[in-house]
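# Close look at the chain arrangement
Residues per chain, in single letters:
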Amino acid sequence: MNKSFDVVVLGAGAAGMMCAAIAGQRGRKVLLLDHAEKLAEKIRISGGGRCNFTNHDAKPERYLSENPHFCRSALAQFGPQDFIAMIERHGIAYHEKKLGQLFCDDSSQQVIDMLDAECQKGGVFRQMGVSISTVTKDETGLFVLETTAGLFSAHALVVATGGLSIPQIGATPLGYRIAEQFGLPVTGLSPALVPLTFHVEDAEAFAPLAGVSLDVEVRAGKGRFREQILFTHKGLSGPAILQISSYWEPGMDVVINLLPDCDVATFLEERQGSEQLLSNALAELGWPKRFAEAWLSRLGFNVRLKDLSPKKRLQLAEQIQHWRIKPNGTQGYKKAEVTRGGVSTKALSSKTMEAKDVPGLFFIGEVVDVTGWLGGYNFQWAWSSGYVAGKNC
């Protein structure tokens, strides 16, 4: 292989393949490199194997970043409808599940095959199972990569190496190291879209509830979501918890309204004097019986309705509609869907994804400090940022 290229893209995932395809179809000579043996493992395992590939509602307000406006330009240049058009052009059947989330009818492999076909259309060269040892920029402005497959050089280098999430399929900090090597700041990194864990006392009290789910409203920081929570042996998961984890910081309370469609104080007042057990009354409102019993026992409230004083009724209503828990952490990158934080948007052009002070160096996808909500938003960021870099590298 001739080892001199116009563009080298590091990372054959969602963002990297999109970028390589677009650059190749512009007539650029592109090399796509990855240390993994297989293409786009994160696409393959996503959405239960059906890939939640975008969301109809992918707009800037659904993304977290030090600069919340940074993603606006890329989303405007290549939005959900543009990716859907590509999906349709390749004859991939899909459906909307809920909340604007789009999935393949068949398999996530179809999305990988589509991107691979687009890369082939652009004449993209590919080398898998290649490790990078050094990246430098020579006096002529060329990027030089020393790899296990030899030396490669290019006028433009696109870093699409992903974050730290799901290390079991090959996540590494390579992209952050390259950014820092070239003087680009990297913000604080943490697992996002990740289950939260209980302190020991809560874990023991609620462990028997593993598998129980509830429709609730969850709040933490600036985040507020109405979705399901799921009790696990270690703490809480489910869509509402994964969403709120992106807003949660260590030491912060998570506030859960366990009956968001009910005025609990009025409900209890109307039943004052009843012989009914409180757990049975709350089960009528939709709580699973064993959840009602365990939760009320933990808070010392498993009594008959007639035994609640007016003060206790108000206290209970407050606890149900503002249940405060203080997680002791998350289940970490192994269970996180994405990484919060990344290469600082202050160092990148929002219109091209190019480093402002290092001509020819681009960062796209999860490695950048742009984190989407659960539900196809992060894939859309990969497509949008990859497209924009592919048009400009």
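A brief structural summary. (Residues numbered from 1 in each chain as written. Predicted model: local features only at pLDDT ≥ 70, side-chain atom pairs only at ≥ 80, totals over all residues. Heavy atoms only, no water.)

## Considerations on the overall build of the protein
Looking only at helices and strands, the protein features 13 helices and 21 strands. With respect to the principal axes defined by its C-alpha atoms, the protein has extents near 85 × 40 × 35 Å. A total of 393 residues make up the protein; the buried ones form 53% of that total. Contacts in the protein between residues at least 24 apart in sequence constitute 72% of all its contacts with a sequence separation of at least 6. Accessible surface, the protein: about 16,500 Å² in total, of which carbon and sulfur atoms supply 49%. (Helix = DSSP H or I, 4+ residues; strand = E, 2+ residues; numbered from the N terminus. Buried < 20%, exposed > 50% of the residue type's maximum accessible area, 1.4 Å probe, protein only. Contact = heavy atoms within 4.5 Å. Areas by Shrake-Rupley, 256 points an atom, 1.4 Å probe, with all protein chains shown as cover.)

## A few points about the sheet that holds strand β12 (residues 196-197)
On the basis of which strands lie adjacent, the open sheet formed by seven strands has the order β17-β16-β13-β14-β15-β12-β18 and antiparallel pairing. Two strands lie at the open edges of the sheet, namely β17 (323-325) and β18 (329-330), each paired on one side alone. Bridge count for β12 against β18 is two bridges, and the pairing is antiparallel. Looking across to β18, one finds that leucine 196 is bridged to threonine 330. (Pairing = 2+ DSSP bridges.)

## Let's talk about the nonpolar core
Note on soluble globular proteins: their nonpolar side chains tend to be buried together. Grouped together as the largest cluster of nonpolar side chains are 128 residues, with contacts concentrated most on Leu184, Phe231, Phe363 and Trp383. Residue contacts for tryptophan 383: discarding those within four places in its chain leaves Ala14, Met18, Ile43, Phe53, Phe78, Phe83, Val111 and Leu115. Counting residues in each nonpolar core, the second largest holds five residues, with Ala192, Leu193, Val338 and Leu374 among its members. (Core = buried A, V, L, I, M, F, W, Y, C linked by side-chain atoms within 4.5 Å.)

## Observations regarding the environment of leucine 151
Looking at the secondary structure, you find leucine 151 in strand β10 (residues 150-159). A sequence separation of 27 residues divides leucine 151 from valine 124, and the C-alpha atoms of the two residues are 18 Å apart. If near-sequence neighbours (up to four positions away) are discounted, leucine 151 is found in contact with Lys3, Val144, Leu145 and Glu146.

## Overview of the sheet that holds strand β3 (residues 52-55)
The three strands lie next to each other as β3-β6-β5, forming an open sheet whose pairing is antiparallel. Each edge of the open sheet carries a strand with a single partner, namely β3 and β5 (94-96). Averaged over neighbouring strand pairs, the angle between their axes works out to 30° when direction is ignored. Pairing geometry for β5 and strand β6 (residues 101-104), over three bridges, is antiparallel. Bridged to tyrosine 94 within β6 is cysteine 104. (Axes fitted to C-alpha atoms, helices over the stretch in contact; angles between N-to-C directions.)

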